[in-house]
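Structural overview
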Amino acid sequence: MTLKNKSEEIEPYLNGRCIFLVGMMGSGKTTVGRILSSALGYSFFDSDTLVEQATGVTSVAEIFNLHGEGFFRDNETEVLRKLSLMHRLVVSTGGGAVIRSINWKYMQKGISVWLDVPLEALARRIAAVGTKSRPLLHQESGDAYTKTVRRLSTLLEERSEAYANANARVSLENIAAKLGYRDVCNLTPAVIAIEALIQIESFLKK
Ligand SMILES: Nc1ncnc2c1ncn2[C@@H]1O[C@H](COP(=O)(O)OP(=O)(O)OP(=O)(O)O)[C@@H](O)[C@H]1O
Ligand SMILES: O=C(O)C1=C[C@@H](O)[C@@H](O)[C@H](O)C1
Ligand SMILES: [Mg+2]
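Here is what the cut-offs are and how they apply
Residues numbered from 1 in each chain as written. Chains lettered and ligands numbered in written order. Predicted model: local features only at pLDDT ≥ 70, side-chain atom pairs only at ≥ 80, totals over all residues. Heavy atoms only, no water. Phe/Tyr/Trp six-rings, centres within 6.5 Å; stacked < 30°, edge-to-face > 60°. Buried < 20%, exposed > 50% of the residue type's maximum accessible area, 1.4 Å probe, protein only. Salt bridge = Lys/Arg side-chain N within 4 Å of Asp/Glu carboxyl O. Helix = DSSP H or I, 4+ residues; strand = E, 2+ residues; numbered from the N terminus. 1 Å grid on protein atoms, 1.4 Å probe; cavity = no way out; pocket = protein on both sides within 12 Å on 5 of 7 lines; lining within 4 Å. Points joined across faces, edges and corners; volume = space filled by probe spheres on them. Nonpolar A, V, L, I, M, F, W, Y, C, P; charged D, E, K, R; others polar.

A word on the packing of aromatic side chains. When we look at a pair of aromatic rings, we describe it by the centre distance and by the angle of the planes. Evaluation of the coordinates by the stated rule reveals 2 aromatic pairs. Judged by centre distance (5.2 Å) and plane angle (45°), the ring pair of Phe 64 and Phe 72 falls under tilted. Here Phe 64 falls in the buried class, since its relative accessible area comes to 13%. Between Trp 114 and Tyr 163 the ring centres are 5.9 Å apart and the planes differ by 15°, which places this aromatic pair in the stacked class.

Applying the stated rule across the entire model yields 12 salt bridges. With a shortest N-O distance of 3.8 Å, Lys 82 and Glu 78 are connected by a salt bridge. A residue pair is termed a helical-turn pair when its members lie 3 or 4 positions apart in one helix, as Lys 82 and Glu 78 do in helix H5 (residues 69-83) at 4 residues. Between Lys 205 and Glu 201 there is a salt bridge, with the nearest N and O atoms lying 3.9 Å from each other. With Lys 205 and Glu 201 both in helix H11 (residues 189-205), this residue pair falls 4 residues apart, about one helical turn.

The backbone phi angle of Asn 15 is positive, close to 50°, even though this residue is not glycine. Relative to the helices and strands, Asn 15 is located in the loop between helix H1 (3-14) and strand S1 (19-22). What makes Asn 15 exposed here is its relative accessible area of 63%. If you check the backbone angles, Arg 88 has positive phi at about 55° while not being a glycine. Considering the arrangement of structural elements, one finds Arg 88 in the loop between H5 and strand S3 (89-92). Residue classification places Arg 88 among the partly exposed residues on the basis of a relative accessible area of 36%.

This paragraph deals with the layout of surface pockets. Estimates place the volume of the largest pocket at around 640 Å³. Lining the largest pocket are 31 residues, with Met 25, Gly 26, Asp 48, Ser 133 and Arg 134 positioned closest to its centre. Breaking the lining of the largest pocket down by element, the ones donating at least two residues are helix H2 (29-40), helix H3 (47-55), helix H4 (60-67), H5, helix H7 (119-129) and helix H8 (135-138). Its residues assigned to classes, the lining of the largest pocket comprises 9 nonpolar, 13 polar and 9 charged.

Any functional reading would require information beyond the geometric quantities listed.
Take a look at the structure:
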């Protein structure tokens, strides 16, 4: 099955509703989100980028440095509120957007999809690029992989329930099992995007 076929099949049933991708840092929200939006003919927005633009600060790390996490979260909520009024968007949300219930009120205007990626895969991806751009991981001491695993496991424990609020769940472990792969690292963003559409379809049919 191709991504384009699946998108064309599902798109009319979305009725223009936005798709909000949620998941941990490094779960592929931006990468998969871009592919999904192009397949559906939707526009793509990354809420972290919109917060940077709204605050006039060049990076999320700098916003945390200058103004603190609370300021970032308030701006993130305002960005989600504005996006919730729009249609035909795929939105890659910040990894922590799920922790505020008001954000769910906005995301529920569309369809939320959780990219559920095993911790080791997240840590490998993040360690490959370093933690500098991810302020919640950067404070720890140690090498990038070790500090990422340590901090991510705490965050995942705190947030799992919140991510599970999403309308649809895309589990990389389930896709790998279905396709007979041993390692989730063999799954391409396009394959993950197709699974996202399958899970959205199954939510719409409920
Ligand atoms: N399916 C994949 N296979 C291999 N690498 C991937 C895959 N998806 C994403 N990546 C890589 O993992 C890293 C994190 O991906 P991405 O930036 O899309 O995640 P994110 O969920 O948007 O993270 P953040 O919450 O920090 O913005 C990137 O370097 C990206 O190239
Ligand atoms: O998981 C988180 O809390 C975050 C994830 C990033 O997308 C950014 O929104 C920021 O670094 C915080
Ligand atoms: Mg991102």
